[in-house]
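What follows is the residue order along each chain.
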Amino acid sequence: MKKVVIAGFGFMGTMHAQIYNQLRGVRIVGIIDTHPAKASKSMGGLGLKVPLYSSLEEALTDAEPDIVDICLPTHWHARFAVEALRAGRHVFCEKPLALTRNEARRIAEAAKKSGTIMQVGHCIRFWPEYQAFESFVRSGRAGKLLSLTLQRRAGRPLYSVGDWLNDSALSGGASLDLHIHDVDYIHHLIGRPKAVTSRGTKDYSGWSHIFTTYDFGPKGPSVTSEGGWNYPAQWGFQMAFQAVFEKGAVEFDSNANPTLTLTLGGRPRQPLPFRTPKTGESSTGAGNLSSLGGYFNELKSFVDCVRRGRAPQVATPRQAAESLTTTLTEIQSAATGKTLSVPAKL
Ligand SMILES: NC(=O)c1ccc[n+]([C@@H]2O[C@H](COP(=O)([O-])OP(=O)(O)OC[C@H]3O[C@@H](n4cnc5c(N)ncnc54)[C@H](O)[C@@H]3O)[C@@H](O)[C@H]2O)c1
């Protein structure tokens with residue numbers, strides 16, 4: 001049985017706790033949070049009776065976890081990840097891996113040296129509809145992928161403790177916090193772009209909406225992406241993409257019914273099935289976005305890797321650092337108005 005301590009018991013920490021409670025071979029043995037009243041209330045809501053710590057040192061000594069799961073505001077990721085890795089613990093760290101390339105490099109190096117297992121919360125690589133789309137692309141059923149455009153839009157987030165999400169010095173703003181999901185998926189599906197051209201809108205929270213064209217060379221697909229959280233707070237959330245192939249099209253919209261559709265072979269648009277976790281049943285997405293599927297899949301995969309002593313192949317610290325580098329280049333492009341090459345080096 002692997003013992004896990006969750007650092008940060010806000011929105012994502014409680015989400016991870018609910019998933020660990022459903023996974024075999026792992027047990028939550030402690031929570032770390034600096035807002036004890038709020039954290040205790042959330043723990044009570046989940047019936048979680050484990051010690052609540054105020055620091056990583058205390059949790060490492062007292063609870064002796066095998067795994068540290070970091071669900072802290074992003075500016076804390078580097079410090080907690082490096083310390084846990086140096087203490088020989090396996091680490092799951094929420095995305096974005098860090099705020100800067102330097103921090104990301106430090107984490108990736110510590111992970112390499114530690115000999116333990118580390119995975120980053122790039123859940124879209126594990127999200128059922130995005131996985132089904134990836135399989136469809138790789139199958140070649142509709143021929144070559146010609147173009148792909150992705151969107152991730154949200155109402156202004158007002159829930160975070162001390163409003164850290166709207167402070168770009170702490171969160172990196174919407175581009176690093178939200179849009180990076182699609183950047184990471186583009187890396188996963190197609191690879192690192194040669195260059196990016198970005199424009200966007202900036203407000204008190206930093207780059208709150210960014211629009212990017214990715215250069216994959218003359219033979220590569222045309223790829224664009226948009227991510228922002230400057231919609232009104234009540235607006236809700238949408239993730240979506242549209243892909244055109246030589247012989248067909250695939251569309252995804254988290255707010256549509258069905259969510260994932262295919263137009264191919266002279267037939268009208270129809271649902272493209274995807275696999276939801278837990279039951280393993282196939283779904284057509286008729287009104288049921290896979291919901292928490294990506295979060296469940298990523299933690300299940302991580303825990304399986306820890307139990308088998310096998311390094312993750314997906315959402316590794318290195319891959320997360322590469323996605324961070326591309327996203328930071330997009331921000332730089334938006335700030336300067338120039339097309340910029342994406343550095344190949346971490
Ligand atoms: N993968 C996803 O889809 C997804 C979605 C949301 C958030 N996230 C990421 O998860 C991380 C956490 O975000 P959140 O939405 O849960 O934030 P949140 O504000 O809801 O929760 C953060 C928690 O950390 C605690 N905390 C702050 N500083 C601390 C410290 N030094 N030591 C211990 N506890 C501390 C706070 O009290 C709070 O309970 C961020 O990196 C965010 O980008 C990922």
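Residues numbered from 1 in each chain as written. Predicted model: local features only at pLDDT ≥ 70, side-chain atom pairs only at ≥ 80, totals over all residues. Heavy atoms only, no water.

A look at the sheet that holds strand S4 (residues 67-70)
Rules: Whether two strands pair depends on DSSP finding at least two bridges between them. Here a helix means four or more residues in a row that DSSP labels H or I, a strand means two or more in a row labelled E, and each is numbered from the N terminus.
Taken together, six strands build an open sheet; the order of strands is S3-S2-S1-S4-S5-S6 and the sheet is parallel. Two strands lie at the open edges of the sheet, namely strand S3 (52-53) and strand S6 (118-120), each paired on one side alone. Relative to S6, strand S5 (residues 90-93) runs parallel, the two being bridged by three bridges. Pairing of Cys93 across the sheet is with Val120, part of S6.

With respect to the side chain of Glu134
As a reminder, the rule being used: Only protein chains enter the calculation, and the probe is 1.4 Å; a residue is then buried if its accessible area is under 20% of its type maximum, exposed if over 50%, and partly exposed in between. A 3.5 Å cut-off defines polar contacts: any pair of N or O atoms within that distance qualifies, except that in protein one atom must be a possible hydrogen donor and the other a possible acceptor, and neighbouring residues in sequence count only when both atoms are side-chain atoms. Any two residues whose heavy atoms approach within 4.5 Å are treated as being in contact.
Secondary-structure assignment places Glu134 in helix H6 (residues 128-139). Here Glu134 falls in the buried class, since its relative accessible area comes to 18%. A distance of 3.0 Å separates the side chain of Glu134 from the side chain of His188, its partner in a polar contact. Ignoring any residue separated from it by four or fewer positions in sequence, one finds Glu134 in contact with Tyr185, His188 and Leu189.

Some details on the site of the ligand
Keep this limit in mind: Here a residue is considered near a molecule or strand provided that any single heavy atom belonging to it is located within 4 Å of it. For the area figures, the Shrake-Rupley method with a 1.4 Å probe applies, and any residue is considered shielded solely by the protein chains shown. Under the scheme applied here, ten amino acids are nonpolar (Ala, Val, Leu, Ile, Met, Phe, Trp, Tyr, Cys and Pro), four are charged (Asp, Glu, Lys and Arg), and all others, including Gly, are polar. A domain assignment, automatic or from a database, supplies the domain bounds used here.
Taken together, 29 residues form the shell around the ligand, and within it Asp33, Tyr159, Trp164, Asp177 and Tyr295 come nearest. For the ligand, an oxygen atom lies 3.2 Å from a polar atom in the backbone of Leu72. Within the complex, the protein chains bury 93% of what would otherwise be the 860 Å² of accessible surface of the ligand. Across the shell around the ligand, the residue classes break down as 15 nonpolar, nine polar and five charged. Counting contributing residues, the shell around the ligand receives three or more from each of domain 1 (2-123 + 299-316) and domain 2 (129-290 + 324-340).

A look at the packing of helix H1 (residues 11-20) against helix H9 (residues 293-308)
Quick note on the threshold: Orientation is described by lines fitted to C-alpha atoms, with helices fitted over the stretch in contact, and by angles between N-to-C directions that extend from 0 to 180 degrees. Handedness of a crossing follows from how the near helix is turned relative to the far one, being left-handed for an anticlockwise turn of less than a right angle and right-handed for a clockwise one.
As a packed pair, H1 and H9 sit with axes 10 Å apart at the nearest point and diverge in direction by 65°. Where H1 crosses over H9, the handedness of that crossing is right-handed. Here Met12, Met15, His16, Ile19 and Tyr20 of H1 come into contact with H9, specifically with Tyr295, Phe296, Glu298, Leu299, Phe302 and Val303. Looking at the contact of H1 with H9 residue by residue, the classes come out as nine nonpolar, one polar and one charged.

Things to note about the sheet that holds strand S14 (residues 270-271)
Spatial strand order, S14-S13-S12-S11-S7-S10-S9-S8-S17: nine strands in an open sheet with mixed pairing. In the strand order of this sheet, the two ends are held by S14 and strand S17 (340-341), each with one partner. Here two bridges tie strand S13 (residues 260-264) to S14, and the two strands are oriented antiparallel to one another. Within S14, the position partnered with Thr261 by the bridge is Pro271. Strands in contact with H6 are strand S7 (145-155), strand S11 (237-245), strand S12 (248-253) and S13; relative to S11, the strand with the most contacts, it is inclined by about 10°. Sheet strands touched by helix H10 (residues 317-336): strand S8 (195-203), strand S9 (206-215) and S17. Its angle to S8, the strand with the most contacts, is close to 65°.

Focus: the packing of aromatic side chains
Inclusion rule: Each pair of aromatic rings taken from Phe, Tyr and Trp, with Trp reduced to its six-membered ring, is defined by centres within 6.5 Å and is described as stacked if the planes are under 30 degrees apart, edge-to-face if over 60, and tilted in the remaining cases.
Going through the model one piece at a time under the given rule, you end up with 12 aromatic pairs. Plain terms: the ring middles of Phe92 and Phe302 are 5.4 Å apart, the flat faces sit at 65° to each other, and that makes the pair edge-to-face. Of this pair, Phe92 sits in strand S5 while Phe302 sits in helix H9, and the two are 210 residues apart along the sequence. For Phe92, a relative accessible area of 0% gives the class buried. With a relative accessible area of 0%, Phe302 lands in the buried category. Relative to Phe245, the ring of Phe133 lies with its centre 6.2 Å away and its plane at 65°, an arrangement referred to as edge-to-face.

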